[in-house]
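Each chain, written out:
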Amino acid sequence: MINSLNQSGMKPSVRPHHSRLLPILLSMMVLCVGVAEAQPGDAERGERIYAARCMLCHGEEGDGMGAAAERLNPPPRDFTMAQYKIRTTTFEEIVPADEDLQRMIHDGMPGSAMPGWGDVLSEQEIQDLIVYLKTLAGLEEEEDGNLIDYGTQVAVSAESIEKGRVIFHDGDRCSECHGQDGKGDAVKKLKDDSGYRTWPRNLTKPWTYRGSNDPRDIFARITTGIAGTQMPSFDDPASAKRLSIEQRWHVANYVNSLAKTDKVVRPENTVIRALRLVDQVPTTPDDPRWQRALPTTFFLVPQLIAEQRFFTPSNDTITVRAVYNEVEIAFHLEWDDRTQSRPGDETAEKIAGPGISEDAVAIQLPIQLPAGPEKPYFLRGDPSHPVNLWSWRGGASDRAPGVSLATARGPTNTTERDPAAAGLKGAGSYRDGTWRVVLRRPLVTTDPGQDLQFVEGEFIPVAFSAWDGSNGEQGSAHTLTTWYWLLLRPPPGNKPWLFATLAFVLVLLVELWWAHRAQTRRYT
Amino acid sequence: MSTAVQKPVIPRLLQAALVIAGIYAGFWLIFDLILAQPIPQSLMVMYMFFVVSGVFMVFTFTEESARQLIAPIRALVEDQTKKTLRNVVFIVVPALAAVAVFFQLQPSDEAPLELRSIHPAPPSSVKIFGKRYDLMSLENPYRHLEKDDPEQFQELVAVGGEVYIRNCQYCHGDKLDGKGPYAQGLNPVPLNFQDIGTIAQLQESFLFWRIATGGPGLPKEATPWISSMPIWQEFLSEEEIWQVILYLYDYTGHRPRSWEHE
């Protein structure tokens, strides 16, 4: 008896859309059952909150066709389709649990434009929204779905991770889409149910998971799949690749272990510390000596500032190392890119979006070291503060990879120059979803009016750009960083030792003199 | 009991040291722990210099207090019974000085400090959309509708909202809190319009100028001149800029500053 009452009492969505009586009825039911928590949601209140907070993205009709839809990838969710990415209800169910919706609205969906609303909406308002969202797909009459069976969680251990690794690669079960190293370097072109381009998640970047990379969360995603996208359910009885509960825990532990914490951006790290070498600088990206240089990772943001603007990037970070010796400086740039984009190459063109172009990367440096605080404009300089652009392109079927050099005086004012004249050289390699590129140049050149002359110990502004040619990125459509700093960190030498000794002696002398005076004063 | 006045329970020197340490800990607590915005070291050195001089000024205000402050030091040098302690102190103090000098001379890895004014004084007139505007008298042409025709006003706010979500949310965030999806990758960070220190302090004409001319349109005193705020007169019409301004105030619930209140 209590049970059935509870069920209908907890299902606020049984109410017909515009009834006035229902809130009263509902509160009575709640009183009967004695639920002390927040009131059940109210669709009418939810609709008002939706109009104020959500409509601009999710659309007036809830169909995801808000004003910015074509500028967002992934696009805002179409609530009329009843497809939710994050749920803990079983594969057969349509509705996510209210807790799933609560969590997505409260915490937001990292890696997308969907922000967390927990800081501005109350728990009650979120409940109201949940009820309203369900009415958009006619889900208000649906029973609560059955929750997935987690069985007994397998704790993270080297053994479990190893088992998970085997399952992940077995018959290319996961690596088919997520790649050998889990970087989402797709071998297939994927589209979601509405025809939008989707990219398999780069599993090494936990901050881009819509849920989280906690094994329990990963377990749920593998179990239910991600509705509306190609990410399949591995609990689907019809699937030949179905996994047992225990197997799913092993894979979850393995995926969790893929997180590359050294590629997490630390906002306080704004300086690339170039390491001084006594021997030759490394000339290839895979030279093990690069490991000795300190890596610094920066956010890449899409170019939203000048014509043509670009809104849908596929890369979010770039990791930089630098070394130098007496004559030369070398940069090592490393960034994840799901596709090696070689125009003219058949497989590359099949995966790419329309209009494939070369993958590329560029380092931007001011030509003159700024004397005061004023730096060149961070998007390709300005007329009175020109910048050097060192670029590297990944090549096409009819064009070898190579470097180029340019001077820019603003977003549209670029002059190409001969890289050989300045001694600019480069090399790159693409493997399992990651580009690694080396760009190097002598510290000083013959033309100080056109090229930056590197100086030890100075803070040198530096910025980066990257192009994913399979994601429609070319020309002004690319990702970039703001200005950061490069420091050629000279060895301190023996100056600190010398002056420290001097300080010791001086202070001691002053003390002795003082003590001596105090003594003589006492006896006279 | 009367000696308690002469000789405080905690020696004056220790008191001074404790006050300075307390202030330092306070800085650390507020900026590092609570605000998570550590003060750059060079600035901290400057602040602490003023703190130390201030504390000593207070502690040596009268001759008596000055005498009390240095009393323990004098005792150390003059009092024969404290000989061992003196020898230790005489080695430790120069050693500390040496260590300080040693670290001071290490090449600094810390990024140069960049201070800037966020709301520079606007020029009295600017050229936008090829026309000259007098910022002192410029008003939002739609503002009067708020009273005269609330329905049309709400429609214009809605249009402004669409302009915002299509163009501005990437940086300023769809909650207008300056935390858009790409905000972290920009320096300076996009402004938070919910904060009472931004648009709530400004006139609509100031916003019009800042939106139309963006980062590159900032005057010299706003250097380093790297704000990523785009030049919106290249993308939006004059009407759209006024509409998006209506939306900024409507969504945040702030009121623009107006000339009448000056």
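Nothing here was measured: the structure is a model prediction, and the numbers come from that model.

(A) Focus on the overall build of chain B. The secondary structure content of chain B amounts to 10 helices and 2 strands. When the helices and strands of chain B are listed from N to C terminus, the series reads α-α-α-α-α-β-β-α-α-α-α-α. Relative to its length of 262 residues, chain B is extended, with a C-alpha radius of gyration of 29 Å against a globular reference of 18 Å. In chain B, buried positions account for 40% of the 262 residues. Taking as baseline every contact in chain B between residues at least 6 positions apart, the subset at least 24 positions apart corresponds to 61%. For chain B, the exposed surface amounts to about 14900 Å²; the carbon and sulfur share of it is 63%. Averaged over its 20 positive side-chain charges, chain B has a centre that lies 14 Å from the centre of its 28 negative ones.

(B) Representation of the confidence of the model for chain B within the structure. All names here are of chain B. Confidence in the prediction for chain B averages 86 pLDDT; 93% of positions are at 70 or higher. When mean pLDDT is taken per element in chain B, helix H10 (residues 238–252) scores highest with 97 and helix H1 (residues 3–6) scores lowest with 48. The low-confidence segment residues 1–5, where pLDDT is below 50, has 1 contact with residues more than four positions distant or belonging to other chains. For this predicted complex, the interface confidence score (ipTM) comes to 0.85, while the overall pTM stands at 0.84.

(C) Seen up close, the domain arrangement of chain B. Assigned domains of chain B: these are domain 1 (12–104) and domain 2 (125–252). Centre-to-centre, using C-alpha coordinates, domain 1 of chain B lies 49 Å away from domain 2 of chain B.

(D) Structural detail: the pattern of salt bridges. Residue and element names in this part refer to chain A. By the definition in use, this model includes 33 salt bridges over all chains. Here Arg436 makes a salt bridge to Glu334, at a shortest N to O gap of 3.9 Å. Highlighted residues: Arg436 in strand E11 (residues 434–442) and Glu334 in strand E5 (residues 328–336), separated in sequence by 102 residues. A residue is classified by how much of its surface remains accessible, and Arg436, at 14% relative accessible area, is buried. The exposure class assigned to Glu334 is buried, which follows from its relative accessible area of 11%. Linked through salt bridges whose partners overlap, the residues forming this network are Lys263, Arg321, Glu334, Asp336 and Arg436.

(E) Main features of the domain arrangement of chain A. All names here are of chain A. By the assigned domains, chain A splits into domain 1 (38–136), domain 2 (158–259) and domain 3 (263–488). One C-alpha centre belongs to domain 2, the other to domain 3, and the line joining them spans 32 Å. Across the boundary between the two partners, domain 2 contributes 18 residues, which contact 18 residues of domain 3. In total, about 1400 Å² of surface goes out of reach between domain 2 and domain 3, with carbon and sulfur atoms giving 48% of it. When residues of domain 2 are sorted by the area they lose upon contact with domain 3, Lys183, Trp199 and Trp207 head the list and together hold 42% of the total. At the boundary of domain 2 with domain 3, the tally comes to 1 salt bridge.

(F) Helix H9 (residues 204–213) of chain B, seen in detail. Residue and element names in this part refer to chain B. In terms of burial, H9 is largely enclosed, as 10 of its 10 residues are buried. Every buried residue of H9 is listed here: Glu204, Ser205, Phe206, Leu207, Phe208, Trp209, Arg210, Ile211, Ala212 and Thr213. On its buried side, H9 packs onto strand E1 (125–128), strand E2 (131–134) and H10. Following H9 by one or two positions, Gly214 has its phi on the positive side, about 60°.

(G) Fine view of a nonpolar patch on the surface. Taken together, the side chains of Trp28, Leu29, Ile30, Leu33, Ile34 and Leu35 of chain B define a hydrophobic patch exposed on the protein surface, amounting to about 610 Å² of accessible area. Tracing the backbone shows Leu33 of chain B in helix H2 (residues 12–34).

(H) A look at the side chain of Arg441 of chain A. All names here are of chain A. Its place among the elements puts Arg441 in strand E11. No salt bridge is formed by the buried Arg441; the nearest opposite charge belongs to Asp451, separated by 4.2 Å. Those residues in contact with Arg441 that lie beyond four places of it in its chain are Val327, Glu328, Ile329, Asn388, Trp390, Ala422, Gly423, Leu424, Asp451, Leu452, Gln453 and Phe454.

(I) Representation of unusual backbone geometry within the structure. Residues and elements named next belong to chain A. The step from Asn73 to Pro74 runs through a cis peptide bond, and the omega angle for that step is 0°. By the element assignment, Pro74 lies in the loop between helix H4 (55–58) and helix H5 (98–107). Between Glu307 and the following residue, Gln308, the backbone shows a cis peptide bond with an omega angle of -25°. Structurally, the position occupied by Gln308 is in the loop between strand E3 (301–302) and strand E4 (317–324). Positive phi values are uncommon outside glycine, yet Arg380 reaches one of about 60°. By the secondary structure assignment, Arg380 is in the loop between strand E6 (360–366) and strand E7 (387–393).

(J) View of the nonpolar core. Counting residues in hydrophobic clusters, the biggest one holds 78 residues, and the most contacted among them are Leu133 of chain A together with Tyr164, Leu207, Phe208, Ile211 and Ile245 of chain B. With 9 residues, the top contributor of residues to this core is H10 of chain B. Once residues lying within four places of it in the same chain are set aside, the contact partners of Phe208 of chain B are Ile128, Phe129, Tyr133, Leu138, Glu238, Ile241, Trp242 and Ile245 of chain B. Formed by 34 residues, the second largest nonpolar core is a distinct cluster that contains Ala274, Trp435, Leu443 and Leu486 of chain A.

(K) Looking closely at the side chain of Thr481 of chain A. Tracing the sequence through the fold places Thr481 of chain A in the loop between strand E13 (479–480) and strand E14 (484–488). Non-local contacts of Thr481 of chain A, meaning those with residues more than four positions away in its chain, are made with Phe298, Phe299, Leu300, Ile318, Phe378, Ala463 and Phe464 of chain A.

(L) Inspection of empty space enclosed by the protein at higher detail. For the structure shown, the criterion picks out 5 cavities of 30 Å³ or more. Put simply, the parts of the chain that give the lining of the largest cavity at least two residues each are helix H3 (43–53), H4, H5 and helix H6 (123–136) of chain A together with H10 of chain B. Tallied by class, the residues present in the lining of the largest cavity amount to 28 nonpolar, 2 polar and 5 charged.

(M) The packing of aromatic side chains, seen in detail. On inspection of all chains with the given rule, the structure shows 27 aromatic pairs over all chains. Taken together, Trp335, Trp392, Tyr430 and Trp435 of chain A form an aromatic cluster joined through their ring pairs. One Lys or Arg, Arg210 of chain B, reaches over the ring of Trp209 of chain B and ends 5.9 Å from the middle of that ring.

(N) View of helix H5 (residues 83–104) of chain B. Residue and element names in this part refer to chain B. For H5, spanning 22 residues, the distance from its first C-alpha to its last is 32 Å, which sits close to the expected 32 Å at 1.5 Å a residue. Inspection of H5 places Arg86, Phe90, Pro94, Ala98 and Phe102 among the buried residues, and these make up the whole buried set. Down the axis of H5, the buried set is contained in an arc of 150°. They therefore lie on one face. Exposed residues lying more than 90 degrees from the buried face of H5 are Thr84, Leu96, Phe103 and Gln104.

(O) Quick look at the packing of H3 of chain A against H6 of chain A. Residue and element names in this part refer to chain A. Contact geometry of H3 with H6 gives a least axis separation of 7 Å together with a crossing angle of 95°. The orientation of H3 with respect to H6, classified from their angle, is roughly perpendicular. Judged by residue contacts, Ala43, Arg45, Gly46, Glu47, Ile49 and Tyr50 of H3 engage Gln124, Glu125, Asp128, Leu129, Val131, Tyr132, Leu133 and Thr135 from H6.

(P) A look at the environment of Pro11 of chain B. By the secondary structure assignment, Pro11 of chain B is in the loop between H1 and H2. By relative accessible area, Pro11 of chain B is classed as partly exposed at 39%.

Cut-offs applied
- Residues numbered from 1 in each chain as written.
- Chains lettered and ligands numbered in written order.
- Predicted model: local features only at pLDDT ≥ 70, side-chain atom pairs only at ≥ 80, totals over all residues.
- Heavy atoms only, no water.
- Helix = DSSP H or I, 4+ residues; strand = E, 2+ residues; numbered from the N terminus.
- Rg over C-alpha atoms; globule rule 2.2 N^0.38 Å.
- Buried < 20%, exposed > 50% of the residue type's maximum accessible area, 1.4 Å probe, protein only.
- Contact = heavy atoms within 4.5 Å.
- Areas by Shrake-Rupley, 256 points an atom, 1.4 Å probe, with all protein chains shown as cover.
- Lys, Arg positive; Asp, Glu negative; His and termini not counted.
- Charge placed at Lys NZ, Arg CZ, Asp CG, Glu CD.
- pLDDT = per-residue confidence, 0-100.
- Domains from an automatic or database assignment.
- Salt bridge = Lys/Arg side-chain N within 4 Å of Asp/Glu carboxyl O.
- Buried area = accessible area lost by both parts, 1.4 Å probe.
- Patch = residues over 30% accessible without salt bridge, like charges linked within 9 Å, V, L, I, M, F, W, Y side chains within 5 Å.
- Core = buried A, V, L, I, M, F, W, Y, C linked by side-chain atoms within 4.5 Å.
- 1 Å grid on protein atoms, 1.4 Å probe; cavity = no way out; pocket = protein on both sides within 12 Å on 5 of 7 lines; lining within 4 Å.
- Points joined across faces, edges and corners; volume = space filled by probe spheres on them.
- Nonpolar A, V, L, I, M, F, W, Y, C, P; charged D, E, K, R; others polar.
- Phe/Tyr/Trp six-rings, centres within 6.5 Å; stacked < 30°, edge-to-face > 60°.
- Lys NZ or Arg CZ within 6 Å of the ring centre and 35° of its normal.
- Expected span 1.5 Å × (residues − 1).
- Arc of directions from axis to C-beta.
- Axes fitted to C-alpha atoms, helices over the stretch in contact; angles between N-to-C directions.
- Parallel < 35°, antiparallel > 145°, perpendicular 65-115°, else oblique.

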